[in-house]
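Understanding the architecture of this molecule
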Amino acid sequence: MEQEKRRVKKSRRKKSRTKKIALIVAGVLGVMLLLGGGLVAYLYNQVDSTVNRINESSGLSKERMNQKTIAEKKPISVLLLGVDRRADEQGRSDSIIVMTLNPNKDQSAMLSIPRDTKTEIVGKGVADKINHAYAFGGAEMALDTVENFLGIPIDYVAEVDMKGFQDAVDLFGGVEVTNDLAFESGGYTFNPGVQTLNGAEALAFTRMRYDDPRGDFGRQERQRAVITAIVNEGVNDFSLSKFTNMLDVLGNNAKTNITFKELRTLSTEYTAAFKNQDVLRLEGQGGKEEDGIYYWRPSSTSLGEVKSYLAELMEQ
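Residues numbered from 1 in each chain as written. Predicted model: local features only at pLDDT ≥ 70, side-chain atom pairs only at ≥ 80, totals over all residues. Heavy atoms only, no water.

Below, the discussion takes up the nonpolar core. Counting 30 residues, the largest nonpolar core has Leu79, Leu81, Leu111, Ile113, Val146, Leu150 and Leu310 as its most contacted members. Within the residue set of this core, elements represented by two or more residues are strand 1 (76–84), strand 2 (92–102), strand 3 (107–112), helix 6 (132–150) and helix 13 (300–313). Take this core: its biggest share by element is seven residues, from helix 6. Setting aside chain neighbours within four positions, we find Ile113 in contact with Ile96, Val98, Ile130, Val146, Phe149, Leu150 and Gln220. (Core = buried A, V, L, I, M, F, W, Y, C linked by side-chain atoms within 4.5 Å. Buried < 20%, exposed > 50% of the residue type's maximum accessible area, 1.4 Å probe, protein only. Helix = DSSP H or I, 4+ residues; strand = E, 2+ residues; numbered from the N terminus. Contact = heavy atoms within 4.5 Å.)

Written out as structure tokens, the structure is:
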């Protein structure tokens, strides 16, 4: 196990901007966690009401809704989904991130799973792109499928609609990011260097992948850059009105089985683990298969190393 751990450390990205990455909490959930840690007494009921509404809309089974892991201060894994849907469609998970935190070891890890990854869709009985699990069976099937893919329990889920992502950017008057690639997306042109993006631009910025030589990994980097900027704006430009508006954004565009009480526990007992976070990466390759559809497959060595590392991190 120690040898496997050393190998996976070589394949994972080096720690950089650790404090900023810790604040991301791998998605817009980071904003929720920051709010949970900095609550003012007179805002308690408002936040509690919003989180209850988010819980009630999750559509998860009783078993998934009655997790006790955070309350018992055990190692946890959270599946974070950025969902792209139109009108009344179920939608697909455009972004799939697993964050694992161990409060006993004060250590955490974040893994982005390419959405085209071919794997077994648990409950559907087919091998398909992993992002189709959400389209077929919502967050419940996505949880089951990611659990099976990584071989670890996934205790919690937080999904954010892309509209919420866009609204969060606009709420803070835009975000500043550093772009390393010239490209066009969604009718916008993005040049290398520092860019200030509004909500629509930020969404287009994060969704481009076909013109990026890094493929889905480049898109993941842009997603993290924008989310980092959102959370940093929330920390640096906090006000009661922005706080209230952010609650509205989350209440209308987010779903989770993490309760308000658990959010408060996360923001206190798991803080050290947040700040000691590694970013993991699966290596592999993609291409069209016999059905003419493009799939991405992780190498067996890389997947095995990541699974071993996460399994060890989930130990007490």
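Here strand 4 (residues 118–121) runs beside strand 5 (residues 126–129); their pairing, made up of four bridges, is antiparallel. Paired with Lys118 across the bridge in strand 5 is Lys129. Between strand 4 and strand 5, which pair antiparallel in sequence order, lie four residues; one of them, Gly123, sits at a positive phi of approximately 100°. (Pairing = 2+ DSSP bridges.)

Attention now moves to the packing of aromatic side chains. Enumeration over the complete set of coordinates arrives at four aromatic pairs. Each residue in the set Phe183, Tyr188, Phe190 and Phe205 is aromatic and connected to the rest through ring pairs, giving one cluster. One Lys or Arg, Lys124, reaches over the ring of Phe136 and ends 4.8 Å from the middle of that ring. When the ring centre of Phe183 is taken as reference, the NZ or CZ atom of Arg222 above it lies at 5.1 Å. (Phe/Tyr/Trp six-rings, centres within 6.5 Å; stacked < 30°, edge-to-face > 60°. Lys NZ or Arg CZ within 6 Å of the ring centre and 35° of its normal.)

Per the counting criterion, the structure on display carries 11 salt bridges. Salt-bridge contacts for Glu72 lead to Lys74; the nearest nitrogen and oxygen are separated by 2.9 Å. Taking relative accessible area as the criterion, Lys74 reaches 33% and is therefore assigned partly exposed. Each of Asp180, Asp212, Arg214 and Arg222 takes part in salt bridges that share partners, so that together they form one network. (Salt bridge = Lys/Arg side-chain N within 4 Å of Asp/Glu carboxyl O.)

On to helix 8 (residues 199–207), then. Within the span of helix 8, buried status applies to Gly199, Ala202, Leu203, Ala204, Phe205 and Thr206. Of the residues that open helix 8, the one with a side-chain oxygen 3.2 Å from the backbone nitrogen of Ala200 is Asn198. (Polar contact = N/O pair within 3.5 Å; in protein donor to acceptor, adjacent residues only side chain to side chain.)

The subject of this paragraph is the packing of helix 7 (residues 162–171) against helix 8. The geometry of helix 7 relative to helix 8 is characterised by a closest axis approach of 7 Å and an angle of 130° between their N-to-C directions. Comparing the axis directions of helix 7 and helix 8 gives the class oblique. With respect to the hand of their crossing, helix 7 and helix 8 are arranged in right-handed fashion. Counted together, Met162, Phe165, Gln166, Val169 and Asp170 of helix 7 and Gly199, Ala200, Ala202, Leu203 and Thr206 of helix 8 form the full contact between these two elements. Residue classes in the contact of helix 7 with helix 8 are distributed as six nonpolar, three polar and one charged. (Axes fitted to C-alpha atoms, helices over the stretch in contact; angles between N-to-C directions. Parallel < 35°, antiparallel > 145°, perpendicular 65-115°, else oblique. Left-handed = near helix turned anticlockwise from the far one by under 90°. Nonpolar A, V, L, I, M, F, W, Y, C, P; charged D, E, K, R; others polar.)

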